[in-house]
Amino acid sequence: MNMNKILRSIAVASIVSSAAALIPALPAMAQPEITLSPTSGSIGTEVTVSGTDFDSFKNTGLVITFDNVEIDTSPLTVPESGDFSTTFVVPDGAEPGTARVKAETTLGGTIQKSFIVTAPEIETNTDEGTVGTKVDIEGEGFYARGDVDVYYYSKGSKINMSTEHATESGAFSYTMTIPESTAGAHKIIAEDNLGNSAEASFSVLPSIILNAYSGATDSNLSVSGSGYAGDGEVSVSFGGQETAQSTTDKYGSFQATFRVPAFESGSYVVKAEDGSDNWAKAAFTLAAGASLSHSSGSVGTPLIVSGVGFNAAVLITITYDNEEVATTVSDEDGSFSTTFNIPPSMGGNHTVTVTDGTNTDESVFTMESDAPPVPDLIHPDNGSKAEAMPHLEWEEITDPSGVTYSLQVATSEGFTPASIVIEKTDLTESEYTIGEEEELSPSTKEAPHYWRVSATDAARNSSEWSEPYSFYVSSSFTIPGNVRNALIGIGVGAAVFFGFWLGRRTAYRKRA
């Protein structure tokens, strides 16, 4: 009995298998799918939801949610194609982290994808530096396409450094220059309009700047410092010797000036330190240097030249525009002092050079460039009659460096080159008498002679020409010198001959 049942079962199974083999296979249906673009972003980011292979749900309703909250464009109807696309904006209340985007059909069934909501965050390329340091800030996770304010905290105050515009993904970039602020840690905070914020820390380090990094003994040296404790005392030293004290302002900045002490030539450390162990230093090279007792003057000015830092007990040579004007010998400390009188030279800057053969220093002396006054003409009077060899006289001009005069006599009031008959320069007296070889030709009131004078000092500064005066030379007969000498000789000879003749005649009469 049992055997019969088993045989029947095998027969039925064989028939069913044969029948199944004759039925064509049905194609498998593709599974519905959704994709997100982008898959992460900050609040305000626009996200595209795309659905494919929803053929089984065409013409039916579809609800899309973000973290269980239905998006604005939901519900929608699945089209005939079975594919759809819609967008939404990550809502203001979204929490950072993983959110779920779900697509649920009215016929049942849910498909979901993960979306990462990025949190506000900033990164800096450095977390310490001095005042003035450039800090690159990269931010993300802020309100997409919204404004982001960047703040710097100093002395309890919140300084708005910039307002940047975030990208579509909520990112921004900004380079900030660290403002004056005290030593230590400070906050850099970025904040959007929704109050989303992120911060980073930046430590301010003390620093100093010198107005010069090399110079000579006794020169003025200014030190500017920043990044120290606020409202505190700062001690400044040069080569370990305290040279100045100063007080910082509330932002930790200060300035101090002192005279470089008398040390040997070389490199020295300038250090500034406050009571909170904040300090900074800079190197200063002390070189041989010279100074002048006057930086300007006139020809003949006594000028004292002093020097320090030169080689000890060596010959010091001083030149003025490459012309040697003085020598001396330095003492055992490499110092010296000597005097020379400024030689004649043009107005303007001149170079005073001091050298010991190894060390050289230059200073500038400015020669005065003020021209002397214009001389007034005195004699002959304007428009008067004069001799053919007149005596000309004008006002005497004085100047610390001395004065010489230039004189011109011309037949034209314009003193054209062709009309000038007498021209004299470097006259030391305020008068001149025209000599026999310069005798003037006759002239008239209507066509007179003209004369003028200018003054020049030892620095070669010249006055303007004086207003010209005129005079005329009347016509008169004059015997040339050689003719006059010949006539005098003839007269003398005739007188001798007449005397001889008269004597002979008188003697003859007496004998008769």
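Computed from a predicted model, the values in this text were never measured in an experiment. (Residues numbered from 1 in each chain as written. Predicted model: local features only at pLDDT ≥ 70, side-chain atom pairs only at ≥ 80, totals over all residues. Heavy atoms only, no water.)

K.L.:
Please explain the packing of aromatic side chains as it appears in this structure.
P.N.:
Ring pairs (aromatic) are described by centroid distance and by the angle formed between their planes. The full count for this structure, using the stated rule, is 14 aromatic pairs. When the ring of Phe54 is compared with that of Phe84, the centres are 5.3 Å apart and the planes differ by 70°; the resulting orientation is edge-to-face. Note that Phe54 is positioned in the loop between strand S3 (46–52) and strand S4 (61–66) and Phe84 in strand S7 (residues 84–89), a separation of 30 residues in sequence. Both residues of the pair, Phe54 and Phe84, belong to the buried class. Cluster of aromatic residues (ring-pair linked, three or more members): Phe238, Phe258, Tyr268 and Phe284. Above the plane of the ring of Trp465 lies Arg452, whose end atom (NZ or CZ) is 4.4 Å from the centre. (Phe/Tyr/Trp six-rings, centres within 6.5 Å; stacked < 30°, edge-to-face > 60°. Helix = DSSP H or I, 4+ residues; strand = E, 2+ residues; numbered from the N terminus. Buried < 20%, exposed > 50% of the residue type's maximum accessible area, 1.4 Å probe, protein only. Lys NZ or Arg CZ within 6 Å of the ring centre and 35° of its normal.)

K.L.:
Would you explain a negative patch on the surface in this entry?
P.N.:
Taken together, the side chains of Asp376, Glu393, Glu395, Glu396, Glu429 and Glu431 define an acidic patch exposed on the protein surface. Among the residues examined, Glu393 registers a relative accessible area of 30% and is labelled partly exposed. (Patch = residues over 30% accessible without salt bridge, like charges linked within 9 Å, V, L, I, M, F, W, Y side chains within 5 Å. Areas by Shrake-Rupley, 256 points an atom, 1.4 Å probe, with all protein chains shown as cover. Salt bridge = Lys/Arg side-chain N within 4 Å of Asp/Glu carboxyl O. Lys, Arg positive; Asp, Glu negative; His and termini not counted. Charge placed at Lys NZ, Arg CZ, Asp CG, Glu CD.)

K.L.:
For this particular structure, what's the right way to read the sheet that holds strand S16 (residues 184–192)?
P.N.:
The pairing of strands in a sheet happens through backbone hydrogen bonds and is either parallel or antiparallel. The strand order across the open sheet built from 5 strands is S11-S17-S16-S13-S14, with neighbouring strands paired in mixed fashion. The sheet is open, and its two edges are formed by strand S11 (128–130) and strand S14 (157–165), each paired on a single side. Taking each pair of neighbouring strands and ignoring which way they run, the sheet shows an average axis angle of 30°. The pairing of S11 with strand S17 (residues 197–205) spans 3 bridges and is parallel. Looking across to S17, one finds that Glu128 is bridged to Ser203. (Pairing = 2+ DSSP bridges. Axes fitted to C-alpha atoms, helices over the stretch in contact; angles between N-to-C directions.)

K.L.:
Explanation requested: the nonpolar core in the structure shown.
P.N.:
One recurring pattern in soluble globular proteins: nonpolar side chains tend to sit buried together. Counting residues in each nonpolar core, the largest one holds 23 residues, and the members touching the most others are Phe54, Ile64, Phe66, Val101 and Phe115. Looking at this core, the elements that each hand over two or more residues are strand S1 (33–37), S3, S4, S7, strand S8 (97–105) and strand S9 (110–117). Not counting residues up to four positions away in its chain, the partners in contact with Phe115 are Leu36, Pro38, Thr39, Ser40, Gly41, Val47, Phe66, Val90, Gly97, Thr98, Ala99 and Val101. (Core = buried A, V, L, I, M, F, W, Y, C linked by side-chain atoms within 4.5 Å. Contact = heavy atoms within 4.5 Å.)

All we've got here are geometric facts, nothing functional implied.
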